[in-house]
Amino acid sequence: MRVIVTGGAGFIGSALVRHLVLEQGHEVLTIDALTYAGNLASLRAVEGHANHRFLHADIRDAAAMQAAIHDFRPDRIMHLAAESHVDRSITGAADFIMTNVVGTFTLLEAARDYWNGLEDKAAFRFLHVSTDEVYGSLSEDPQALFRENTPYDPSSPYSASKAASDHLAKAWHRTYGMPIVVSNCSNNYGPYHFPEKLIPLTILNALEGRELPVYGAGENIRDWLYVEDHARALDLIAERGVPGETYNVGGRNERRNIDVVRRICQVLDRLVPTPRPREELIRFVTDRPGHDARYAIDASRLENELGWRAREDFDSGIEKTVQWYLDNGWWWRPLRDGYGGERLGLLEKTA
Ligand code: NAD
């Protein structure tokens, strides 16, 4: 199997590339523009591997995408390249529109040109990887869950740009008949997560005895999924998902942000004891505008139709993640400068 992964130097993309190359034995071409979020160090496990190639290219570059796809002749394209950080989308939406919307369009067109020339058109798959944030916000009623038919209602420039790209992917299936599948996943966590995101930011700030910024009162609920569970789900959806369909991915691990931060403090206090409990470092900061209250996924379609199950529960996953950051300073230290919260403006707004 020959697979193109866009965004493969990012957090989820690199977990997917490791899974496809090292566990599944597929031949992979990673395409990535290496923005601030892309990092070749995240692909160290496949560096020099006979089944892995890397192409430094931008998905907005139509000629580069045409050439890469026609040269590599993939059986599958798994599209993860995106601008992904909600806070950045609020202060600078342009990159989100250009990469997530225009870039996805450009990639779809290059893929369509290649697919048109294939003899066995039905064997090809294009997987568009997206987020549950396209569905907006849920009430606290535990029965309320995001399902594949939940109407789109995005709140942030990030989720609006992802919603637009989902619609493009679905339209390219309906209009041109391309075998495209869409997946919408909840919040991921795990190794190689860029230090601006809640979980790695909290682990590293707590480790260094710095403030732990938490938006609002920390009541916002997210449904956390260990990144390797997501990588397995994406492989399965690309292999067995029905073209034109959507699959929601989530691990049934709902947690309030404040409970996530407290849990990380407890794990770190046990693994690296300090005189004072790290929970004392928590600082509540002015809430993010348009901050969705709750996300929670109903993954029963993926579980029942494709037989996927999340393997990691939150407690075991967070323990593994904290331990990974303790063991892998070589990866995060060069990225850390300014990402203790200052660069994001989080600490200036301490309430
Ligand atoms: P990330 O920010 O860690 O990685 C994105 C990667 O895309 C980076 O390597 C970056 O260099 C690359 N990239 C950005 N713009 C590009 C461009 N124009 N051309 C080529 N490459 C470009 O993001 P992530 O968290 O790994 O998310 C990957 C995908 O999964 C995204 O599409 C995101 O919307 C989706 N997703 C993320 C989560 C999550 O919790 N992180 C949850 C659900 C879905």
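Definitions and cut-offs
- The written sequence of each chain sets the order in which its residues are numbered from 1.
- In view of the model being predicted, local features appear only for residues whose pLDDT reaches at least 70, and side-chain atom pairs are presented and counted only at 80 or more, with totals across whole chains, interfaces and linings using the full set of residues.
- The basis for every side-chain value is the complete set of heavy atoms in the structure, and neither hydrogens nor water enter the calculation.
- Helix and strand assignments follow DSSP, with helices taken as H or I runs no shorter than four residues and strands as E runs no shorter than two, numbered in order from the N terminus.
- What the globule rule says is 2.2 Å times the number of residues to the power 0.38, and the radius of gyration is computed from C-alpha atoms.
- Burial classes follow relative accessibility: with a 1.4 Å probe on protein chains only, a residue under 20% of its type's maximum area counts as buried, one over 50% as exposed, and anything between as partly exposed.
- Whether two residues are in contact is decided by their heavy atoms, any of which lying within 4.5 Å being enough.
- In this description, accessible areas are obtained by the Shrake-Rupley approach with a 1.4 Å probe, and a residue is regarded as covered only by the protein chains that are shown.
- Counted charges follow a simple rule, with Lys and Arg positive, Asp and Glu negative, and His plus the chain ends left uncounted.
- In this description, the location of a charge corresponds to atom NZ of lysine, CZ of arginine, CG of aspartate or CD of glutamate.
- Centres within 6.5 Å are what make two rings of Phe, Tyr or Trp a pair, Trp counting through its six-membered ring; a difference in plane orientation under 30 degrees is then read as stacked, over 60 as edge-to-face, and the rest as tilted.
- Here, a charge over a ring means that NZ of Lys or CZ of Arg falls within 6 Å of the ring centre while also lying within 35 degrees of the ring normal.
- UniProt positions are given in the numbering used here, feature names are shortened, and annotations may be inferred rather than shown by experiment.
- By definition, two strands form a pair when at least two bridges between them are found by DSSP.
- Think of a salt bridge as a Lys or Arg side-chain nitrogen and an Asp or Glu carboxyl oxygen that are within 4 Å of each other.
- In these notes, residues near a molecule or strand are those with any non-hydrogen atom within 4 Å of it.
- Identification of polar contacts relies on pairs of N or O atoms within 3.5 Å, with a donor-acceptor requirement for protein atoms, meaning one able to donate a hydrogen and the other able to accept it, and with residues adjacent in sequence counted only if both atoms are side-chain atoms.
- Residue classes follow a fixed rule: Ala, Val, Leu, Ile, Met, Phe, Trp, Tyr, Cys and Pro count as nonpolar, while Asp, Glu, Lys and Arg count as charged, and any other residue, Gly among them, counts as polar.
- The axes used here are C-alpha line fits, helices contributing only the stretch in contact, and every angle between their N-to-C directions lies in the interval 0 to 180 degrees.
- Angles are sorted into four bins: roughly parallel if under 35 degrees, roughly antiparallel if over 145, roughly perpendicular if 65 to 115, and oblique for all others.
- Each crossing is labelled by how the near helix is turned from the far one, with a counterclockwise turn of less than a right angle marking it left-handed and a clockwise turn marking it right-handed.

**With respect to the overall build of the protein**
Then, number 1: Check the secondary structure of the protein and you find 11 helices and 13 strands.
Then, number 2: The C-alpha radius of gyration of the protein comes to 20 Å, within 12% of the 20 Å expected for a compact globule of 351 residues.
Then, number 3: Referenced to the eigenvectors of the C-alpha coordinate spread, the extents of the protein come out at roughly 65 × 45 × 40 Å.
Then, number 4: Residue burial in the protein is summarised as follows: out of 351 residues, 56% are buried.
Then, number 5: Of the contacts formed within the protein by residues at least 6 apart in sequence, a portion of 81% connects residues at least 24 apart.
Then, number 6: For the protein, the computed accessible surface area is about 14,100 Å², with 49% contributed by carbon and sulfur atoms.
Then, number 7: Considering the protein, the positive charge centre built from 39 side chains and the negative charge centre built from 50 side chains are found 1 Å apart.

**Topic: the packing of aromatic side chains**
Then, number 1: Counted according to the given criterion, the structure contains 16 aromatic pairs.
Then, number 2: Geometrically, the ring pair formed by Tyr-135 and Tyr-152 is edge-to-face, given 5.6 Å between the ring centres and 90° between the ring planes. Of this pair, Tyr-135 sits in the loop between β5 (125-131) and α5 (157-176) while Tyr-152 sits in the loop between β5 and α5; the two residues are 17 residues apart in sequence, bridging distant segments of the chain.
Then, number 3: For Tyr-135, a relative accessible area of 3% gives the class buried.
Then, number 4: Seen in terms of ring centroids, Trp-172 and Tyr-176 are 5.4 Å apart; in terms of plane orientation they differ by 65°. Their pairing is edge-to-face. Of this pair, Trp-172 and Tyr-176 both sit in helix α5, four residues apart, roughly one helical turn.
Then, number 5: Against the face of Tyr-36 rests Arg-88, its NZ or CZ located 3.5 Å from the ring centre.

**A look at the UniProt feature "domain: NAD(P)-binding" (unreviewed entry) in the protein**
Then, number 1: Per the UniProt annotation, the sites labelled "domain: NAD(P)-binding" (unreviewed entry) are residues 4-321.
Then, number 2: Split by type, residues 4-321 is 40% helix and 17% strand. Its first and last C-alpha atoms lie 27 Å apart.

**Concerning the pairing of strand β4 (residues 76-79)**
Then, number 1: Burial along β4 is two-sided: Arg-76 and Met-78 and Ile-77 and His-79, pointing in opposite directions, are all buried.
Then, number 2: Both strand β1 (residues 2-6) and β4 contribute to a ladder of four bridges, which runs parallel. Directly across from Val-3, in β4, lies its bridge partner Arg-76.

**Topic: the pattern of salt bridges**
Then, number 1: For the structure on display, the rule yields 24 salt bridges.
Then, number 2: Arg-88 serves as the salt-bridge partner of Glu-196, at 2.8 Å between the closest nitrogen and oxygen. Of this pair, Glu-196 sits in the loop between β7 (188-189) and α6 (198-207) while Arg-88 sits in helix α3 (residues 86-91); the two residues are 108 residues apart in sequence, bridging distant segments of the chain.
Then, number 3: For Glu-196, a relative accessible area of 3% corresponds to the buried category.

**Comments concerning the site of the ligand**
Then, number 1: In the neighbourhood of the ligand, 29 residues make up the surrounding shell, with Ile-12, Asp-32, Ser-84, Tyr-158 and Lys-162 lying closest.
Then, number 2: Interatomic distance of 3.1 Å between a backbone N/O atom of Ala-33 and a nitrogen atom of the ligand.
Then, number 3: Within the side chain of Tyr-158, an N or O atom sits 2.6 Å from an oxygen atom of the ligand.
Then, number 4: Protein chains shield 96% of the accessible area of the ligand, which is 830 Å² for the free molecule.
Then, number 5: Elements with a contribution of two residues or more to the shell around the ligand: α1 (11-23), β5 and α5.
Then, number 6: The leading source of residues in the shell around the ligand is β5, at three residues.
Then, number 7: Counted by class, the shell around the ligand contains 14 nonpolar, 11 polar and four charged residues.

**Section: the packing of helix α2 (residues 62-72) against helix α4 (residues 94-116)**
Then, number 1: Axis separation between α2 and α4 bottoms out at 9 Å; the angle between their running directions is 40°. Taken as axis vectors, α2 and α4 run oblique relative to one another. The interaxial crossing formed by α2 with α4 has right-handed handedness. On α4, the residues touching Ala-62, Met-65, Gln-66, Ile-69 and His-70 of α2 are Thr-106, Leu-107, Ala-110, Ala-111, Asp-113 and Tyr-114.

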